[in-house]
Amino acid sequence: MFLVETAVFVGLACAARPRVADNQVVEFESSGRELTLDTGRATVSEILISNSLEVALGQDFGSIPQVRHVLTEWVDGPLLVWIALDNPEPGVRKRIYQKQLDLIDGFPEIDFDFNLVPALGRNANEFATGAHVVYSRAE
């Protein structure tokens, strides 16, 4: 029995090959309750252009008309996201919360920290020092 287990272990160890480093592009689009993830491998002859996660967050949340600003900041692991709303009525908050849940489910490797705040006519830089403005609706 010992010889069989040793032979299987040695055989598996010899069969293992190291992974080749490769570029991976991840894009996502959420609309309503649907989240679409598209992963692709970039090769030398193929150019894949994708938004960064922060820009994609801004575009995604910015598709809701009541969203005034979206800011992001990476802080020791979690991605902090501030979403400033002009009108934080329950229906709007429900749409925002659903997008947040879709993102958490779609990107389990990222630790999101969402902050929903009223805009109150403030400009984007007044919400968080050090954060990047990834979306700001023009007046």
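For the structure, see preceding data.
Report follows, based on the coordinates. (Residues numbered from 1 in each chain as written. Predicted model: local features only at pLDDT ≥ 70, side-chain atom pairs only at ≥ 80, totals over all residues. Heavy atoms only, no water.)

### Things to note about the overall build of the protein chain
- When you go through the protein chain residue by residue, the secondary structure sums to 3 helices and 6 strands.
- Reading the helices (α) and strands (β) of the protein chain from amino to carboxyl end gives α-β-β-α-β-β-α-β-β.
- Classification of the 139 residues of the protein chain by burial places 31% in the buried group.
- Pairs at least 24 apart in sequence give 57% of the contacts found in the protein chain among residues at least 6 apart.
- On the protein chain, roughly 9400 Å² of surface is accessible, and the fraction owed to carbon and sulfur atoms is 56%. (Helix = DSSP H or I, 4+ residues; strand = E, 2+ residues; numbered from the N terminus. Buried < 20%, exposed > 50% of the residue type's maximum accessible area, 1.4 Å probe, protein only. Contact = heavy atoms within 4.5 Å. Areas by Shrake-Rupley, 256 points an atom, 1.4 Å probe, with all protein chains shown as cover.)

### Quick notes on the sheet that holds strand 3 (residues 67–74)
- On the basis of which strands lie adjacent, the open sheet formed by 4 strands has the order 5-4-3-6 and mixed pairing. Strands with a single pairing partner mark the edges of an open sheet, and in this sheet they are strand 5 (112–118) and strand 6 (132–136). Neighbour-to-neighbour, the strand axes of the sheet open up by a mean angle of 20°, direction not taken into account.
- Where strand 3 meets strand 4 (residues 79–85), 7 bridges bridge the pair, whose relative direction is antiparallel. Opposite T72, over in strand 4, you have V81 as the bridge partner.
- The strands touched by helix 2 (residues 53–62) are strand 3, strand 4, strand 5 and strand 6; relative to strand 3, the strand with the most contacts, the crossing angle is about 160°.
- Across the sheet, helix 3 (residues 90–106) lies against strand 3, strand 4 and strand 5, angled at about 170° from strand 5, the strand it touches most. (Pairing = 2+ DSSP bridges. Axes fitted to C-alpha atoms, helices over the stretch in contact; angles between N-to-C directions.)

### Structural notes on helix 2
- A large share of helix 2 lies buried, amounting to 8 of its 10 residues.
- Within helix 2, burial applies to L53, E54, A56, L57, G58, D60, F61 and G62.

### Here's the deal with the packing of aromatic side chains
- Scanning all chains against the criterion turns up 2 aromatic pairs.
- Measuring from ring centre to ring centre gives 5.2 Å for F112 and F114, while their planes differ by 15°; the resulting arrangement is stacked.
- For F112, a relative accessible area of 11% translates into the label buried.
- By relative accessible area, which is 16% here, F114 ends up buried. (Phe/Tyr/Trp six-rings, centres within 6.5 Å; stacked < 30°, edge-to-face > 60°.)

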